[in-house]
Amino acid sequence: MAKESLFEGALRQFNKAADLLKLDGGMREVLSTHKRELTVHFPVKMDDGSVRVFTGYRFQHNITRGPAKGGIRYHPNVSEDEIKTLSFLMTWKCAVAGIPFGGSKGGIKVDPTELSESELERLSRRYFSEISIIVGPTEDVPAPDVNTNGKIMSWFLDTYSMNVGHSTLGIVTGKPLELGGSLGRSEATGRGVSIIANEASKYFLGDEIKGKTVAVQGFGNVGSFTALILEQTYGAKVVAISDITGGYYNPEGINVKEAFDYATANKSLEGYNKAQKITNEELLELDVDVLIPAALERAITAENADKVRAKIIVEAANGPTTPEADEILNSKGIKIVPDFLSNSGGVTVSYFEWVQGLYSYFWDLENVRSALEKIMKGAFKDSVDMLEEQKTDMRTASYMVAINKVATATRLRGIFP
Ligand code: GLU
């Protein structure tokens with residue numbers, strides 16, 4: 001049997017919720033079909049004078065509730081299937097958080113570590129010009145994702161602004177502060193994951209996450225801020241962290257601030273010696289209260305799901321659990337908070353940034369943090385209410401909340417003409 005694509009897997013989970021909602025065939029087709037799918041092949045001049053052709057994507061899944069919204073990633077494994085799936089998830093992420101956006105995603109198939117700074121800039125600017133035919137501040141608003149950051153957002157903003165003839169703050173989010181970024185945006189996804197992890201601990205384990213053991217897989221923007229905030233703000237005991245160089249385990253608790261500073265200074269955790277070295281696989285199988293996969297998709301699969309011993313999984317990456325693994329974990333009674341709920345803090349603060357840019361008035365950090373907390377707690381509660389009403393799993397409950405919102409908006413608008 002051919003391996004199920006990422007999108008087929010996501011659709012299977014969507015359909016489980018759609019069945020419970022008794023969504024009719026037409027509506028189901030509308031909500032599971034992408035609005036626009038753009039693939040671009042474009043040339044980039046390399047520093048040695050040669051030319052290379054790269055492939056990029058921008059997919060918009062749904063724009064019923066507002067402009068499309070979603071990050072752009074640079075990774076050698078970027079594929080049409082991945083971008084299609086992640087743009088689909090963005091629709092549900094924005095809906096479950098209740099922010100007025102649809103879903104999109106973009107990416108370039110490239111290993112950015114092989115490029116010089118100037119090659120990276122030419123690649124970014126050319127890609128953004130290519131997708132400019134469908135993005136815009138009221139059409140589709142990109143943001144950082146895997147291997148992209150504020151510097152790349154600045155080039156995107158400049159490329160777009162040069163073409164329209166004026167600075168357009170609303171074209172991207174995740175910008176540097178000096179260029180219309182929002183306070184609290186870089187930490188936002190990790191802060192949101194931490195808020196959700198604490199809510200999940202209270203709901204599923206009966207108590208705050210304070211003192212509970214946590215393992216975080218991945219130490220990029222999301223994983224590092226999640227570990228740091230869980231330790232510093234919520235008093236959790238982070239016993240393991242990891243990155244591409246492997247896992248780092250200390251049953252007494254890792255000093256996350258120290259590891260964070262180490263990784264910032266050394267660009268990875270390689271050589272961090274205040275913990276026992278383990279593998280990424282071993283980290284996923286640790287006996288902890290809360291496991292947080294914060295790296296890439298397909299970390300927990302049918303092969304390792306049976307070995308997972310955590311009580312709760314809070315998905316911080318997009319798509320870290322395959323549908324088969326999901327079923328195994330559910331049958332073991334492990335509670336899973338789905339990606340599009342737990343990591344919606346990033347796009348939520350992106351929304352705040354977009355709003356601030358549109359009216360050119362900027363909020364202070366306390367304002368951003370308290371507005372984020374309110375949205376995350378509200379989204380968690382909506383899913384829990386659905387969970388109790390439907391007696392299903394958390395992913396299906398969150399899907400039901402999100403699908404309901406987009407289906408209702410679609411019904412209210414009607415079908416044109
Ligand atoms: N890339 C992030 C995500 O997957 C943020 C998207 C955004 O801010 O638009 O949620």
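Thresholds, definitions, all that
Residues numbered from 1 in each chain as written. Predicted model: local features only at pLDDT ≥ 70, side-chain atom pairs only at ≥ 80, totals over all residues. Heavy atoms only, no water. Helix = DSSP H or I, 4+ residues; strand = E, 2+ residues; numbered from the N terminus. Rg over C-alpha atoms; globule rule 2.2 N^0.38 Å. Contact = heavy atoms within 4.5 Å. Areas by Shrake-Rupley, 256 points an atom, 1.4 Å probe, with all protein chains shown as cover. Lys, Arg positive; Asp, Glu negative; His and termini not counted. Charge placed at Lys NZ, Arg CZ, Asp CG, Glu CD. Axes fitted to C-alpha atoms, helices over the stretch in contact; angles between N-to-C directions. Parallel < 35°, antiparallel > 145°, perpendicular 65-115°, else oblique. Left-handed = near helix turned anticlockwise from the far one by under 90°. Nonpolar A, V, L, I, M, F, W, Y, C, P; charged D, E, K, R; others polar. Phe/Tyr/Trp six-rings, centres within 6.5 Å; stacked < 30°, edge-to-face > 60°. Buried < 20%, exposed > 50% of the residue type's maximum accessible area, 1.4 Å probe, protein only. Pairing = 2+ DSSP bridges. Salt bridge = Lys/Arg side-chain N within 4 Å of Asp/Glu carboxyl O. Near = heavy atom within 4 Å. Polar contact = N/O pair within 3.5 Å; in protein donor to acceptor, adjacent residues only side chain to side chain. Core = buried A, V, L, I, M, F, W, Y, C linked by side-chain atoms within 4.5 Å.

Draft legend 1. Seen up close, the overall build of the protein chain. Helix and strand counts for the protein chain come out as 14 helices and 12 strands. Over its C-alpha atoms the protein chain spans a radius of gyration of 20 Å, differing by no more than 12% from the 22 Å that the globule rule assigns to 417 residues. C-alpha atoms of the protein chain, sized along the principal axes, occupy 55 × 55 × 50 Å. Taking the intrachain contacts of the protein chain between residues at least 6 apart in sequence as the baseline, contacts between residues at least 24 apart amount to 69%. Only carbon and sulfur atoms are counted for the fraction: they give 52% of the accessible area of the protein chain, which is about 17100 Å². A distance of 3 Å separates the average location of the 47 positive side-chain charges in the protein chain from that of its 54 negative side-chain charges.

Draft legend 2. Highlighting the packing of helix α13 (residues 365–390) against helix α14 (residues 394–413). Closest axis-to-axis distance for the α13/α14 pair is 8 Å, and the angle between their directions is 110°. When the axes of α13 and α14 are compared, the pair comes out roughly perpendicular. Judged by the sense of rotation from one axis to the other, the crossing of α13 with α14 is right-handed. Of α14, the residues touching α13 (which contributes F380, D382, S383, V384, M386, L387 and Q390) are M394, A397, S398, M400, V401, N404 and K405. Its residues assigned to classes, the contact of α13 with α14 comprises eight nonpolar, four polar and two charged.

Draft legend 3. Region of the structure containing the packing of aromatic side chains. Evaluated as defined, the whole model comprises 22 aromatic pairs. Summarising the aromatic geometry, the rings of W92 and Y399 are spaced 6.4 Å apart at their centres and angled 65° between planes, so their arrangement reads as edge-to-face. Placement of W92 in helix α3 (residues 80–97) and of Y399 in helix α14 is noted, with a sequence separation of 307 residues between them. Residue classification places W92 among the buried positions, given a relative accessible area of 0%. The class for Y399 is buried, based on a relative accessible area of 1%. Geometrically, the ring pair formed by F101 and Y351 is edge-to-face, given 5.8 Å between the ring centres and 90° between the ring planes. With a gap of 250 residues between them, F101 in the loop between α3 and β4 (102–109) and Y351 in helix α12 (residues 345–359) connect regions that are remote in the sequence. Among the aromatic side chains, those forming a connected cluster through ring pairs are F7, F14, F88, W92, F340 and Y399.

Draft legend 4. Seen up close, the pairing of strand β5 (residues 140–144). Within β5, four of the five residues are buried, which leaves it mostly tucked inside the rest of the structure. Summarising the sheet, strand β3 (residues 68–75) and β5 pair through five bridges and their orientation is parallel. Looking at the pairing, G71 lines up with A143 of β5.

Draft legend 5. Expanded view of the pattern of salt bridges. Enumeration over the complete set of coordinates arrives at 28 salt bridges. Where E324 meets R12, a salt bridge forms, and the shortest distance between an N and an O atom there is 2.9 Å. With E324 in helix α10 (residues 323–331) and R12 in helix α1 (residues 6–20), this residue pair connects regions lying 312 residues apart in the sequence. Given the relative accessible area of 33%, E324 is considered partly exposed. Overall, R12 belongs to the partly exposed group, its relative accessible area being 35%. A salt bridge links D47 to R122, with the nearest nitrogen and oxygen atoms 2.8 Å apart. Note that D47 is positioned in the loop between β1 (36–45) and β2 (51–62) and R122 in helix α4 (residues 117–131), a separation of 75 residues in sequence.

Draft legend 6. The arrangement of the site of the ligand in detail. Contacts to the ligand come from 14 residues, most closely from K69, K93, P144, D145 and S350. A distance of 2.9 Å separates a nitrogen atom of the ligand from a polar backbone atom of P144. A distance of 3.2 Å is found between an oxygen atom of the ligand and a side-chain nitrogen or oxygen belonging to N318. When the ligand is considered free in solution it has 290 Å² of accessible area, and contact with the protein chains removes 94% of it. Contributing elements (two or more residues each) for the shell around the ligand: β3, α3, β5 and α12. When grouped by side-chain class, the residues that make up the shell around the ligand number four nonpolar, five polar and five charged.

Draft legend 7. The environment of N15, seen in detail. If you trace the backbone, N15 turns up in helix α1. N15 sits 17 residues away from S32 along the chain, and the two C-alpha atoms are 9.0 Å apart.

Draft legend 8. Just the sheet that holds β5, in detail. With mixed pairing, five strands are arranged side by side in an open sheet as β1-β2-β4-β3-β5. A strand with exactly one partner marks an edge of an open sheet, and here the two such strands are β1 and β5. Shown here is a sheet whose adjacent strand axes are inclined to one another by a mean of 20°, direction ignored. Note: β3 against β4, six bridges, orientation parallel. Across the sheet, residue K69 finds its bridge partner in β4, namely G103.

Draft legend 9. Molecular detail of the packing of α3 against α14. For the pair α3 and α14, interaxial distance at closest approach is 8 Å and the crossing angle is 85°. Judged by the angle between their axes, α3 and α14 are roughly perpendicular. Only S398, Y399, V401, A402, I403, K405 and V406 of α14 make contact with α3, whose side of the interface consists of F88, L89, T91, W92, A95 and V96.

Draft legend 10. Region of interest: the side chain of S154. Relative to the assigned elements, S154 resides in helix α5 (residues 150–164). A relative accessible area of 17% means that S154 is categorised as buried. A distance of 2.9 Å separates a polar atom in the side chain of S154 from the backbone oxygen of G150. Excluding residues within four positions of it along the chain, S154 makes contact with P176 and L179.

Draft legend 11. Representation of the nonpolar core within the structure. Membership of the largest hydrophobic core comes to 82 residues, with the highest contact counts inside it found for F14, L31, W92, I241, I292, V314 and Y399. Discounting chain neighbours no more than four positions away, the residues touching L31 are F14, L23, H61, N62, F88, W92, I403, V406, A407 and T410. In this structure, L38, Y127, F128 and V135 belong to the second largest nonpolar core, which totals 26 residues.

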